[in-house]
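# A closer look at the structure
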Amino acid sequence: MSASGAPVAMPSPAEVAAVVTDAAMRENPCPVDAEDEDDEATAATDDEGVSEEGEMQAPLAPAAPSGPLYTADLSEEALTEAWKKDPATLGSMSIGFVESGRQINSVRVPDDKDWLVVSPDIAYGTQETVDYVAAAIRAVRAQYPNVPTLRVNRLSTKDGGYLRPHKSHQNGRDVDLGFYYPTAEPVRERERERYIDVAMNWALVRSLVVNTDVQMILVDKRVMKVLYDYALSIGEDKVWLDSLFNAGFNSLIKHARRHRDHFHVRFFNGRAQELGRRVAPLLALQPDQNLMMYKVRNGDTLGGIAMRHNSSVVAIKKANRMRNTFLSIGRRLVIPLKGPCTHCPIPPPVQLPPRRMPPQAEAPALVNTEPAASGKLPNPCTPAAPAPTPVAVPTGVPSGLSTGR
């Protein structure tokens, strides 16, 4: 209300975003690190030539006490039988790790009016990842009906594995999403944080956090600051925002070099990861899927790798789409095996952490008008009893999660 008592018109989200962006850039300019000078110097298109050093998978949560968590509908016998007879019936499987893995029964991101699939041949992920991407983008559309089409860039190849030049994007759980701009046409300027639609991009980040099992979102720190300041300006809870942006290693949204023009999003995949873990010992029952991942080390030759792992040079070249036998140190190779792999690394059982939901406004307390046992009405000034401590779910499944997902 104004001093005269007349209501004051509230600014629109777009106006707030413009003010926040301008203030953030003018009052708190982020210094450009020397290492960031060439962020987009070689990027002709979104996500081209992206380097993701330091983006290896974070340590997993402690192993579950016992048994599978998200594939409890399948006994070991049923899983073995389905894998032997018809692996397709099991659905998507995420094998190994994001920086050393692959995927089975992948799903391509479908064409849709709400997003643009930039590179269809590398737009494959697990069913969970594809569903999460669709849910997050559609939630933004529901909030902003006139939102432009979002660019969905790289996920993984159909079978996963090494995707140059990335270290991750291997087992169907990573996706690069473009930014929302005022129009559907992406901006090619270096300082993207000055041109993005901050309100819509915050809506996308919020949707990913609230509606999906997101593991982390990587983006440049200058974009992070604009999003954080905008979210704070529209009344988002600061403690919750700090848990997303400023919690150090435990932050969901983290700075990454060369991510000034897109979000790199990684999801937990409860079912796909757990299926991948349980199927790993059974891979030899399907020769076409009996593969292992190998990181090239100094002194390695293709012939030596083939001999050590009971494979062949021809099979390795075919599996990795290699035109010659040249190897680069650090490259991840898919190695076709002729027998069971007794030393392949297998991830621990999956445990999804609870989603970091924003605090909800507390409902007003109801007054108890019924007399207490003493015949007196309760004193309204008496502090309320503390809420009961949540009881841990015996099976290890986070509250609200189904074992069948």
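Refer to the structure above for everything that follows.
A short tour of the structure in this document, coming up.

## Thoughts on the pattern of salt bridges
Enumeration over the complete set of coordinates arrives at 17 salt bridges. With a closest N to O distance of 2.7 Å, E81 and K85 form a salt bridge. Residue E81 and its partner K85 are both found in helix 2 (residues 76-85); the two are separated by 4 residues, about one turn of the helix. Put simply, E191 and R194 hold a salt bridge, and the shortest N to O gap is 2.8 Å. Residue R194 is classed as partly exposed on the basis of its relative accessible area, which comes to 44%. Shared partners join several salt bridges into a network, and the residues in it are K113, D114 and R141.

## Notes on the pairing of strand 7 (residues 174-177)
Two faces belong to every sheet, and in a regular strand the side chains alternate between them. Here strand 7 shows two buried faces, one formed by D174 and D176 and the other by V175 and L177. Summarising the sheet, strand 7 and strand 10 (residues 263-267) pair through 4 bridges and their orientation is antiparallel. Among the inter-strand pairings, L177 is bridged to a residue of strand 10, identified as F263.

## A short note on the packing of aromatic side chains
Between two aromatic rings, the relevant description is the distance of the centres plus the angle of the planes. The full count for this structure, using the stated rule, is 6 aromatic pairs. Note on Y132 and F267: the rings are 5.3 Å apart at their centroids and 40 degrees apart in plane angle, and the pair reads as tilted. Placement of Y132 in helix 3 (residues 127-143) and of F267 in strand 10 is noted, with a sequence separation of 135 residues between them. Overall, the relative accessible area of 0% leaves F267 in the buried class. Through a chain of ring-to-ring contacts, three or more aromatic side chains come together here, namely W202, Y228, W240 and F245. Over the face of the ring belonging to F249 we find K254, whose NZ or CZ atom lies 4.8 Å from the ring centre.

## A word on unusual backbone geometry
Look at H169: it is not a glycine, yet its phi comes out positive at around 60 degrees. Structurally, the position occupied by H169 is in the loop between strand 6 (150-152) and strand 7. For H169, a relative accessible area of 0% gives the class buried. Backbone geometry places N310, a non-glycine residue, at a positive phi of 55 degrees. With respect to the helices, strands and loops of the structure, N310 is situated in the loop between helix 8 (302-308) and helix 9 (313-319).

## Description of the environment of L208
As for its position among the elements, L208 is in helix 4 (residues 198-211). Taking relative accessible area as the criterion, L208 reaches 0% and is therefore assigned buried. Measuring from C-alpha to C-alpha, the distance between L208 and A139 comes to 9.2 Å, with 69 residues separating the pair along the chain. Discounting chain neighbours no more than four positions away, the residues touching L208 are A136, V214, I217, V265 and F267.

Thresholds applied
Residues numbered from 1 in each chain as written. Predicted model: local features only at pLDDT ≥ 70, side-chain atom pairs only at ≥ 80, totals over all residues. Heavy atoms only, no water. Salt bridge = Lys/Arg side-chain N within 4 Å of Asp/Glu carboxyl O. Helix = DSSP H or I, 4+ residues; strand = E, 2+ residues; numbered from the N terminus. Buried < 20%, exposed > 50% of the residue type's maximum accessible area, 1.4 Å probe, protein only. Pairing = 2+ DSSP bridges. Phe/Tyr/Trp six-rings, centres within 6.5 Å; stacked < 30°, edge-to-face > 60°. Lys NZ or Arg CZ within 6 Å of the ring centre and 35° of its normal. Contact = heavy atoms within 4.5 Å.

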